[in-house]
Amino acid sequence: MNNLMRAVAIRPPGLQPESLYINKREIPSIKENECLVKVVYSAINRADIMQRKGLYPAPAGESDILGLEAVGFVTRTNSSIWQKDSRVMALVAGGGNAEYVAVNEKNLIKVPDWMSLRNAAAITEVWLTAFQLLFWISSVTKEEQWRKPVQESTFLVHAGASGVGTSLIQLLKKVLNVKNVFATCGSELKKKYLEESLGISRAFNYKLEEDFNEKIMNLTESRGVDVVFDCVGASFWQKNADCLAVDGEWIFYGAMGGVRIEGDFFSKILRKRIHLKASTLKTRSIDYKHALMKDFETRVLSQFNAFNLQVLIDKEFDLEQIAEAHKYMESNANIGKIIIKVTDLEEKEEL
């Protein structure tokens with residue numbers, strides 16, 4: 001019996017995509033309450049690029065293989081919940097970019113019968129991140145006496161054409177029926193897509209419209225937006241503070257634009273009573289992820305078609321093309337999710 005699998009590996013220091021290659025690793029053993037998933041599809045995320053560069057290591061005790069998600073079949077099980085051959089989506093802290101991954105039973109979701117494994121590959125990390133930010137981290141969806149209805153609130157989504165960005169926009173527009181959603185993006189093609197296909201109020205190509213904060217203030221009659229979803233960080237911090245409304249929320253979940261800032265950051269925060277909240281998903285506990293996944297499954301996934309939500313896959317790469325996939329993500333060309341095909345559907349061989 002062959003106990004080896006193909007998996008993504010990194011040649012240190014990992015600064016360039018070309019440092020990635022396919023290596024042979026032992027198929028992971030499973031503990032009590034775990035399942036071994038035969039991976040058909042995986043995907044890449046910004047966190048994988050940061051980990052490749054040594055900026056965001058895997059949590060202690062987790063696999064050092066890249067990949068925060070996987071879709072496939074349960075091939076071994078030490079779980080009373082999941083049976084062999086179950087079609088599942090897995091949320092993991094590492095190990096997804098390989099032929100097999102060991103997953104705690106709590107961090108699996110059944111792939112709906114109507115959904116293909118390929119489309120499921122574009123769900124787990126980006127949709128759960130977007131759902132977490134909007135429904136668990138932000139207060140705007142909570143019913144509070146002084147807060148106006150969420151449908152009347154105004155939002156700004158940075159990197160609007162990314163996997164998380166497009167998921168956030170769909171949740172806002174199609175699930176919550178929000179009227180006013182703005183977004184930033186990095187090309188005219190993305191701008192057109194966000195406005196015409198996702199129906200947002202206005203998109204701003206930040207490369208050509210560096211004054212997007214001023215335009216937002218004009219469009220909101222100097223009031224500003226109620227919530228900013230920020231995966232950029234340092235390079236946009238002043239613009240965020242300028243175009244946020246008094247008592248607005250700043251949801252910070254990534255730092256593509258750096259982490260070091262200079263200027264009167266705290267005075268701007270205090271002056272507008274801005275609520276700054278930061279969140280990640282990779283380092284959350286198994287139980288936190290389980291509760292989040294169940295909530296998402298009940299409130300969104302079970303009604304995915306009823307809400308007319310779209311699975312947005314930009315490009316598919318084979319596992320052997322992992323370096324090209326990272327290079328493509330770093331080019332910022334994608335609209336939606338970049339997925340990785342690991343094995344063919346018919347390859348469900350016994351271990």
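About the cut-offs
Residues numbered from 1 in each chain as written. Predicted model: local features only at pLDDT ≥ 70, side-chain atom pairs only at ≥ 80, totals over all residues. Heavy atoms only, no water. Helix = DSSP H or I, 4+ residues; strand = E, 2+ residues; numbered from the N terminus. Rg over C-alpha atoms; globule rule 2.2 N^0.38 Å. Buried < 20%, exposed > 50% of the residue type's maximum accessible area, 1.4 Å probe, protein only. Areas by Shrake-Rupley, 256 points an atom, 1.4 Å probe, with all protein chains shown as cover. Lys, Arg positive; Asp, Glu negative; His and termini not counted. Charge placed at Lys NZ, Arg CZ, Asp CG, Glu CD. Core = buried A, V, L, I, M, F, W, Y, C linked by side-chain atoms within 4.5 Å. Polar contact = N/O pair within 3.5 Å; in protein donor to acceptor, adjacent residues only side chain to side chain. Contact = heavy atoms within 4.5 Å. Pairing = 2+ DSSP bridges. Axes fitted to C-alpha atoms, helices over the stretch in contact; angles between N-to-C directions. Parallel < 35°, antiparallel > 145°, perpendicular 65-115°, else oblique. Left-handed = near helix turned anticlockwise from the far one by under 90°. Nonpolar A, V, L, I, M, F, W, Y, C, P; charged D, E, K, R; others polar.

Colleague: I tried to follow the overall build of the chain on my own but got confused; where do I start?
Modeller: Within the chain one finds 10 helices and 15 strands. What you see for the chain is a C-alpha radius of gyration of 20 Å, in line with the 20 Å of a compact globule of 351 residues. Each principal axis of the C-alpha atoms in the chain carries an extent, and together these give about 70 × 40 × 35 Å. Residue burial in the chain is summarised as follows: out of 351 residues, 55% are buried. Counting only carbon and sulfur atoms, one obtains 49% of the accessible surface of the chain, whose full area is about 15,600 Å². Treating the 45 positive side-chain charges of the chain as one cloud and the 45 negative ones as another, the clouds have centres 2 Å apart.

Colleague: What should I look at first to understand the nonpolar core in this one?
Modeller: Looking at soluble globular proteins, one finds that nonpolar side chains tend to be buried together. Counting 82 residues, the largest nonpolar core has Leu134, Phe155, Leu168, Leu194, Phe229 and Phe296 as its most contacted members. A per-element tally of this core places helix α3 (residues 124-137) first, with 9 residues. One finds Ile49, Ala70, Ala325 and Tyr328 within the second-largest nonpolar core, a separate group that totals 26 residues.

Colleague: What is the right way to read the environment of Glu62 from this model?
Modeller: Note that Glu62 resides in the loop between α1 (46-52) and β4 (69-77). Separated by 33 residues in the primary sequence, Glu62 and Gly95 have C-alpha atoms spaced 8.1 Å apart.

Colleague: How should the side chain of Gln132 be read in this particular structure?
Modeller: Within the secondary structure, Gln132 is located in helix α3. A polar contact is formed between the side chain of Gln132 and the side chain of Tyr288, at a distance of 2.8 Å. Discounting residues that sit within four places of it in the chain, Gln132 has contacts with Ile137, Ser279, Thr280, Leu281, Arg284, Tyr288 and Leu292.

Colleague: Would you mind going over the pairing of strand β6 (residues 100-104) with me for this structure?
Modeller: Two faces belong to every sheet, and in a regular strand the side chains alternate between them. Of all 5 residues that make up β6, 4 are buried, and the element is covered over most of its length. Two strands pair when backbone bridges link them, and strand β3 (residues 34-43) and β6 are joined in this way by 5 bridges, in the antiparallel orientation. Of the residues in β6, the one forming a bridge with Val37 is Val101.

Colleague: Help me understand the packing of α3 against helix α4 (residues 163-175), please; the structure alone is not making it clear to me.
Modeller: When two helices pack together, their arrangement is captured by the angle between the axes and the distance separating the axes. As a packed pair, α3 and α4 sit with axes 8 Å apart at the nearest point and diverge in direction by 55°. With respect to α4, the element α3 is oriented oblique. In this structure, α3 meets α4 at a crossing whose hand is right-handed. Packed against α3, whose contacting residues are Val126, Trp127, Thr129, Ala130, Phe131, Leu133, Leu134 and Phe135, the element α4 presents Gly163, Val164, Ser167, Leu168, Gln170, Leu171, Leu172 and Val175 at the interface. Partitioning the contact of α3 with α4 into residue classes produces 12 nonpolar, 4 polar and no charged.

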